[in-house]
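Summary of the model geometry
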Amino acid sequence: MAEAASREVDDPREGAANPLESAPIAEVEKQLGADQNGLTSDEAAARLGRYGRNAIEDKRRNVVVQFLSHFWDPISWMIEAALVITAIEREWDSFFVILVLLLLNGTVGFWEEHNAGSAIAALKARLAGTAKILRDGTWTETAADAVVPGDVIRVRLGDVVPADARIVSDGTLELDQSALTGESLPVERAAGDVAYSGSVVNKGEADCLVFATGVGTFFGKTAALVASAGNKSQFQKAVLKIGTYLSLLGVAVVAIVYLVAVLRDLDEGIVDALANNLEFAVVVLIAAIPIALPAVLSVTMAVGAAKLAKKQALVSHLPAVEDIGGANVLCSDKTGTLTQNALEVGDPFLVAGTKDGTGPDDILVAAGLASRKEDEDPIDLAVLADVPGGEATLAGYEVTDYLPFDPVAKRTEATVTGPDGARFRVTKGAPQVISGLADLDEATATRVDGVVGDLAGRGFRALGVARADEAGGDWTLLGVLPLSDPPRADSRQTIERAEALGVEVKMVTGDNVAIAKEIAREIDLGTNIEDAGVLADSSKSDDELARDIEAADGYAQVFPEHKYKIVDLLQKRGHIVAMTGDGVNDAPALKQADAGVAVSGATDAARAAADIVLIAPGLSVIIDAIAASREIFARMTSYTLYRIAETIALLLLIAVVSLVHDIQAVTAIMVLLLAILNDGSILAIAYDRAPSKGTPQAWNMRRVLNVSSWIGGFSLLQSFLVFYAAILFFSSTFDLSGNVSELQTLMYLQLSVSGHLTIFVTRLQGPLWSMRPSMALLLAVIGAQAIASAIAGFGVPFLGIDPIPWTWVGIVWVIAIVGMLLQDQVKLAVERVRDRRAGAAAASAAGA
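Residues numbered from 1 in each chain as written. Predicted model: local features only at pLDDT ≥ 70, side-chain atom pairs only at ≥ 80, totals over all residues. Heavy atoms only, no water.

Our focus in this paragraph is the overall build of the chain. For the chain, the helix and strand inventory stands at 31 helices and 24 strands. When burial is assessed residue by residue, the chain has 54% of its 848 residues classed as buried. Of the roughly 34,900 Å² of accessible surface on the chain, a fraction of 57% belongs to carbon and sulfur atoms. (Helix = DSSP H or I, 4+ residues; strand = E, 2+ residues; numbered from the N terminus. Buried < 20%, exposed > 50% of the residue type's maximum accessible area, 1.4 Å probe, protein only. Areas by Shrake-Rupley, 256 points an atom, 1.4 Å probe, with all protein chains shown as cover.)

With that out of the way, let us pick up the pattern of salt bridges. Counted by the stated rule, this structure contains 30 salt bridges. When the shortest N-O distance is used, the salt bridge between Glu43 and Arg47 registers 2.5 Å. Residue Glu43 and its partner Arg47 are both found in helix α3 (residues 41-51); the two are separated by 4 residues, about one turn of the helix. Under the relative-accessibility criterion, Glu43 is labelled buried at 17%. Arg458 serves as the salt-bridge partner of Asp454, at 3.7 Å between the closest nitrogen and oxygen. (Salt bridge = Lys/Arg side-chain N within 4 Å of Asp/Glu carboxyl O.)

This part takes up the environment of Met78. Mapped onto the fold, Met78 is located in helix α5 (residues 74-88). With a relative accessible area of 6%, Met78 lands in the buried category. Taking C-alpha positions, Met78 is 9.8 Å from Leu248, a pair spaced 170 residues apart along the chain.

So, on to the sheet that holds strand β2 (residues 138-143). Two pairing modes exist for strands in a sheet, parallel and antiparallel, and in both the strands are linked by backbone hydrogen bonds. The antiparallel open sheet is built from 6 strands, whose spatial order is β2-β1-β3-β9-β4-β7. On the outer flanks of this sheet lie β2 and β7 (194-195), each paired with one strand and no other. Inspection of the sheet shows strand β1 (residues 130-135) paired to β2 by 6 bridges, in the antiparallel sense. Pairing of Ala131 across the sheet is with Thr142, part of β2. Sitting on the sheet, helix α2 (residues 25-32) is in contact with β4 (164-167) and β9 (206-212), with an inclination near 50° to β9. (Pairing = 2+ DSSP bridges. Contact = heavy atoms within 4.5 Å. Axes fitted to C-alpha atoms, helices over the stretch in contact; angles between N-to-C directions.)

Looking at helix α16 (residues 378-386), one finds that the buried residues are Asp380, Ala382, Val383 and Leu384. Capping the start of α16, Asp377 holds a side-chain oxygen 2.9 Å from the backbone nitrogen of Ile379, two or three residues further along. (Polar contact = N/O pair within 3.5 Å; in protein donor to acceptor, adjacent residues only side chain to side chain.)

Glancing now at the sheet that holds strand β19 (residues 504-508). Strand order in this open sheet of 8 strands is β10-β24-β23-β22-β11-β19-β21-β20, and the pairing throughout is mixed. Both edges of this open sheet fall to β10 (313-315) and β20 (529-531), since each of them pairs with a single strand only. Across the sheet, the axes of successive neighbouring strands diverge by a mean angle of 20°, strand direction being ignored. Sitting on the sheet, helix α23 (residues 560-572) is in contact with β11 (329-332), β19, β21 (554-556) and β22 (577-581), with an inclination near 165° to β22.

This paragraph deals with the nonpolar core. Core analysis: the biggest nonpolar cluster contains 132 residues, and Val666, Leu746 and Tyr748 have the highest contact counts within it. In this structure, Tyr748 is in contact with Val666, Met670, Leu673, Leu674, Leu677, Ala788 and Ile791, ignoring residues within four places of it in sequence. Counting residues in hydrophobic clusters, the runner-up holds 27 residues, among them Ala532, Tyr555, Val558 and Ile566. (Core = buried A, V, L, I, M, F, W, Y, C linked by side-chain atoms within 4.5 Å.)

So, about the packing of helix α20 (residues 491-500) against helix α26 (residues 620-661). Contact pair α20 / α26: the axes reach a minimum separation of 9 Å and the direction vectors enclose 20°. Accordingly, the angle class assigned to the pair α20 and α26 is roughly parallel. As for how α20 packs across α26, the hand of that crossing is left-handed. Taking contact as the criterion, the partners of Thr494, Arg497 and Ala498 in α20 are, on α26, Ser620, Ile623 and Asp624. (Parallel < 35°, antiparallel > 145°, perpendicular 65-115°, else oblique. Left-handed = near helix turned anticlockwise from the far one by under 90°.)

As a further point, take a nonpolar patch on the surface. There is a patch of nonpolar side chains on the surface, built from Leu259, Leu263, Leu266 and Ile270 and spanning about 380 Å² of accessible area. Inspection of the secondary structure puts Leu259 in helix α10 (residues 234-264). (Patch = residues over 30% accessible without salt bridge, like charges linked within 9 Å, V, L, I, M, F, W, Y side chains within 5 Å.)

Between two aromatic rings, the relevant description is the distance of the centres plus the angle of the planes. With the rule as written, the count across this model stands at 7 aromatic pairs. Between Phe794 and Trp806, the ring centres sit 5.1 Å apart and the planes meet at 75°, which makes this aromatic pair edge-to-face. Here the residue Phe794 occupies a position in helix α30 (residues 775-794), and Trp806 occupies one in helix α31 (residues 806-847), the gap between them amounting to 12 residues. Taking the relative accessible area as the measure of exposure, Phe794 reaches 59% and is therefore exposed. A relative accessible area of 45% means that Trp806 is categorised as partly exposed. Of note, Arg154 hangs over the ring of Trp139, and the distance from its end group to the ring centre comes to 4.2 Å. Taking the ring centre of Phe424 as reference, the NZ or CZ of Arg467 above it sits at 3.8 Å. (Phe/Tyr/Trp six-rings, centres within 6.5 Å; stacked < 30°, edge-to-face > 60°. Lys NZ or Arg CZ within 6 Å of the ring centre and 35° of its normal.)

Given a rise of 1.5 Å per residue, 16 residues ought to cover 22 Å, and the 22 Å separating the end C-alpha atoms of helix α19 (residues 442-457) matches this to within 8%. Taken residue by residue, α19 has Thr444, Val448, Val451 and Leu455 as its buried positions. Along the long axis of α19, the arc covered by the buried residues comes to 60°, so they all point the same way. Of the exposed residues in α19, the ones pointing more than 90 degrees away from its buried face are Glu442, Ala443, Thr446 and Asp449. (Expected span 1.5 Å × (residues − 1). Arc of directions from axis to C-beta.)

The next subject is unusual backbone geometry. Even without being glycine, Asp136 reaches a positive phi, approximately 55°. When you line up the elements, Asp136 lands in the loop between β1 and β2. The residue Gln557 is not glycine, and still its phi comes out positive at about 55°. Note on placement: Gln557 falls in the loop between β21 and α23. Classification of Gln557 by relative accessible area gives partly exposed; the value is 32%.

We now examine the environment of Pro378. Looking at the secondary structure, you find Pro378 in helix α16. C-alpha separation for the pair Pro378 and Pro186, spaced 192 residues apart in sequence, amounts to 9.1 Å.

As structure tokens, this is what we get:
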């Protein structure tokens, strides 16, 4: 033993698929330098130093660093620059307003990321706390994290298997692997088979040889995938692109305007010229920043998440509210999502030659007598639920002796006294075992084998049922009961709804191919179900595998790395992928997906990795969420169009007026008032009516920037109309050569009213009157502009805002309303041109 242990052996933590899972036990012992007598304490200590503890590492970023990282993006840079300049200029009112908005944006992002990091912790909670280990020839109980490859462990009823191990004793185990695979039925494992870390022993006792620990286990590899999974949401990518676009535009305009202003004041000296124009630089900089964009979009998603909760979908990661609406592929788990996650008995197969008068009901009653409700075995419960007359029928019989299911014998048996006082025995179990009890002729045996084979080919489990009329009498095979987890009643209709929404559903299951194909056939999903093993084909490139995944209707016998790979390759092909799951094995793919959905009854690890958690069973809840998310996406798009358009109009107005007339069109506090009053009230867009489109929605930045630029350009012309009408025809009131504060108030009101009314233009792709806005949005806009009008009409001296005549307040409103109607026509014209170009491009591509 010591000699074997002293030589170098392959590290069982290495490699995606551990060869020690399938190698002969003798070869495993040789590779590990171990045997069934266990390790010595010294050797175990040496291996602990080499392999590390049998635990999952949770490498978390420093919380402070994590928080500060959310202030490192284009929008934040612009806000931070404005913050520094306002501090230098001692503009403390502007400073604190900007600081609050900056902290709000960063805190929302930090909270989202911090919540999303709990998947590893949930995985760790599934691991065993202690283990029974054979050390120095003595069985001892020790901490599970001290288990090393080569250890011999003993597991029994109720234990959590502490590491991946091969069964080396004659005992047979019934293991609950539902937390690993999501499949509800337990599995049987005998000598030579693998017991995976995290499995729970339902029945039996066995000694096992550990071949992998920690991150080298099936469980550990899943945790490693979870740690490496994740990508930026479509929302985050969109905000980054918008922020970059506006930041570049803002920096360019600020640089030009500031440089011109400094050159004009060079006669005062370069230092004074630079210092004197800093305040104006702040005005331009603030105008260029969509300060409230991330916050407004986050609040819109939060309100949408509250609405999704009413549809039994709890959102744990806000950007998923938008991402699931854009999903065009939904990778769905089978068990409990497409199926009922409950066994059901099918039509019995009667064996020819059984006693005259034996029918389907007799088989079901016999099977029911060989079942016991209190054991809560899924097969027993399914059989008992199908007995004609239920408990009332069985109450007429007295079970005098009962042998529970034994993994070795593979059957149950009951001794029964019937209503007529006759004693008999009944048994149910594996068909080959039950058939072996009966003396079948060759023809009958062939028929039974054929039925069992046919059922297996269609994904059904089979249960043999036999009866012996007297104690010690010969067994008579009554028949075979098919068992299956049937599709949910709404699965077929739900898939049709998904297809109508432009979402392709693919089944991804840990079950075998036959079962997956049978369920897919019953729900009209398509039967092109592949064995997930083909995804490991090294002769194919990732692009070729991605095309195969696109063509397939689903995959069976999948492991965590398969699910992760399916999602990852589909994303690389440009798909927005939603993924459902419930087990630990689903956690990596759930985290990697654009929208990870933990279904009802999911494990803690799956819930922690998911973006959305369902509290009602089935796939229909997800489809409801997709439809609702598309409404939310429409609201977010309308606000984004509005915000970009008005930022462009405001920024260019300030720049042009400064360059041409050497004055500030509005003050810094006015720009902040526009951000607070208009964007603050426009949060009501989260409650607006919005269309739910029949196709997946994704951020089309070309359209967003194109349409918003045209709308913003029209707003700019409208503001120039008001500006030049005032200084050309009413110069006595709005004098450029003297105090321009009244002119600034006029331009503030113009930007506020006309800018706010733009939301009614951007909220729909069609005419603004084609869907009336919600009362909440309408009242919010009217209320905000009533306040803006009061500010302009009465003035706010302590903010440096002088009043303007109320006649001009009315004129601004008339121009804004007329401008809104004309602006809508500009939008419609731009959309028509865009649609024609898109149609021509599609026709050209089809012709090619």
